[in-house]
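Given next are the chains, with one letter for each unit.
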Amino acid sequence: MAAPAPKQEELQPHAVRDQLPAVSYCLTSPPPWPEAILLGFQHYLVMLGTTVIIPTALVPQMGGGNEEKARVIQTLLFVAGINTLIQSFLGTRLPAVIGGSYTFVAPTISIILAGRYSGIADPHEKFLRIMRGTQGALIVASTLQIIMGFSGLWRIVVRLLSPLSAAPLVALVGFGLYELGFPSVAKCIEIGVPQILLLVALSQYIPHLLPLVGTAFERFAVIMSVVVVWLYAFFLTVGGAYKNAAPKTQFHCRTDRSGLVGGAPWISVPYPFQWGAPTFDAGEAFAMMAASFVALVESTGAFIAVSRYASATPCPPSVMSRGIGWQGVGILLGGLFGTANGSSVSVENAGLLGLTRVGSRRVVQISAGFMIFFSILGKFGAVFASIPGPIIAAIYCLLFAYVGMAGVGFLQFCNLNSFRTKFILGFSLFMGLSVPQYFNEYTSVAGFGPVHTHARWFNDMINVVFSSKAFVGGAVAYFLDNTLHRRDGTVRKDRGHHFWDRFRSFKTDPRSEEFYSLPFNLNKFFPSF
């Protein structure tokens, strides 16, 4: 006797979703004010990691001390708040935090090592001269994104993105930052690992064990875990646990080694040209423009992830181009104010949208208010900025993973049984990890990149571009997807292009108006296409 036929519902695969389900608050639906304020503060805490780590690494090499480091952090925080507000009101209108970017660190270090600064004996004078050189390079580099964005050139590029080519780009935006995760946690394992375990427990297990109050743990897991582990690290510090430890261990583990609280002023308002008039060098500007282009590509992937976790529709190419243009304005502001670093979409804050399941625009605007407020009240902001680095790195382990999985999620639109899909996906992911690894290993051993000519600016341009995992993987996938067997009739369906067809134009899908239209009726003056 034949076995009974399986039920029809058992044969149905999971449905393809334009918008991510199970998001508690989407882009246009803000939480109640008390909850929104607390969530905004949580976004502020998360973005502090990059805001502190980059100046902490760069300012001492520039010749600055704790006072200069605190002021640069204040300035970077202030500019990040302004840029985040601009992006949420006039750019893509997505809940994306615009903060410091690791992409700009390499060309900044190249400026620091430039020969014309080596003969300056006074450290403070050396810091000011290098800062002005960095400002000039950032001002020039900002024009690339401004032109690409506002001219609509980037819109043409984004229109050719399919779910298949977007998947490696977005995945590597998150997974490509793996070196900032556990390797940094391991610098103080006794506070880093408890932070990971507590964050996972509060955000993933407690909500199911205590369903009545579980939502609060899920939403505010970062704040709760940071407070607990920070207090634990404080008691270890005052208890003398690190009294005889090595200097590096003390720097990473102790809660009183950042020097930020003592160096920060009580009240200070950053202003343009506070370090003096910018200086310009053609070679440095070209190197910084290469970093700006890489940041443009990485931010495109991050914007796509943010739109997913905000439960919005895929961002129309014209809106994406508009956002890139305003991000270029953000880099310009960084050059004018003197942040020693360019701007891009904060990957960790994009991951926080997935962790909390709150993609509200208002929450991120509130977080921008916290950035500006605490950048002006220097001492108070420095207290939060002095959180030990391994605690921040432990948070990254979850948040970067969420962004990476946003990219993997786009494979639902693709035919994974196609060998063309398997080749493009596998090859782009492998090269996106392998090529930058070669460049980074070569640099760590030799002290300079694989491209080592007499033209330092050219070396920096090539080495910066090929050290970005998201850029290499995204570029390989984009090229192959748009050139390989394109005339084949089945390819369009295999790459998932038909699912995104209705989002190629702003006016094709009625939801675009709800999510991406400009406020105050500005769409009349700045139309989207």
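Residues numbered from 1 in each chain as written. Predicted model: local features only at pLDDT ≥ 70, side-chain atom pairs only at ≥ 80, totals over all residues. Heavy atoms only, no water.

Side note on unusual backbone geometry
Positive phi outside glycine occurs at A340, with the angle close to 65°. Residue A340 is classed as buried on the basis of its relative accessible area of 3%. Positive phi, normally seen in glycine, also occurs at F520, with a value near 55°. Tracing the backbone shows F520 in the segment after α23 (511-516). Judged by its relative accessible area of 70%, F520 is exposed. (Buried < 20%, exposed > 50% of the residue type's maximum accessible area, 1.4 Å probe, protein only. Helix = DSSP H or I, 4+ residues; strand = E, 2+ residues; numbered from the N terminus.)

Re the pattern of salt bridges
One pass over the full model with this rule turns up 12 salt bridges. A salt bridge links R357 to E218; the nearest nitrogen and oxygen atoms lie 3.8 Å apart. Note that R357 is positioned in the loop between α15 (347-356) and α16 (361-376) and E218 in helix α9 (residues 214-219), a separation of 139 residues in sequence. In this structure, the salt-bridge partner of R420 is D481, at a minimum N-O distance of 3.3 Å. (Salt bridge = Lys/Arg side-chain N within 4 Å of Asp/Glu carboxyl O.)

Thoughts on the state of the cysteines
With the rule as written, the count across this model stands at one disulfide. Through a disulfide, C188 is tied to C253; the S-S separation comes to 2.0 Å. Taking the sign of the S-S torsion, about 125° here, the bridge from C188 to C253 comes out right-handed. One end of the pair, C188, is in the loop between α7 (182-185) and α8 (189-209); the other, C253, is in helix α11 (residues 247-253), with 65 residues separating them in the sequence. (Disulfide = S-S within 2.5 Å.)

Quick look at the packing of aromatic side chains
What characterises a pair of aromatic rings is the spacing of the ring centres plus the angle enclosed by the ring planes. A full pass over the atoms with the stated rule returns 30 aromatic pairs. Here the aromatic rings of F41 and Y44 are separated by 5.7 Å at their centres, their planes lie at 40°, and the arrangement is tilted. With a gap of three residues between them, F41 and Y44 both fall in helix α1 (residues 33-62), about one helical turn apart. An identical accessibility class is assigned to F41 and Y44; each is buried. With 5.2 Å between their ring centres and 85° between their planes, F127 and W275 make a pair best called edge-to-face. Note that F127 is positioned in helix α4 (residues 123-150) and W275 in the loop between α12 (260-263) and α13 (282-309), a separation of 148 residues in sequence. Like F127, the residue W275 is buried in the burial classification. Put simply, the rings of F41, Y44, F370, F373, F374 and F384 pair up and form one aromatic cluster. (Phe/Tyr/Trp six-rings, centres within 6.5 Å; stacked < 30°, edge-to-face > 60°.)

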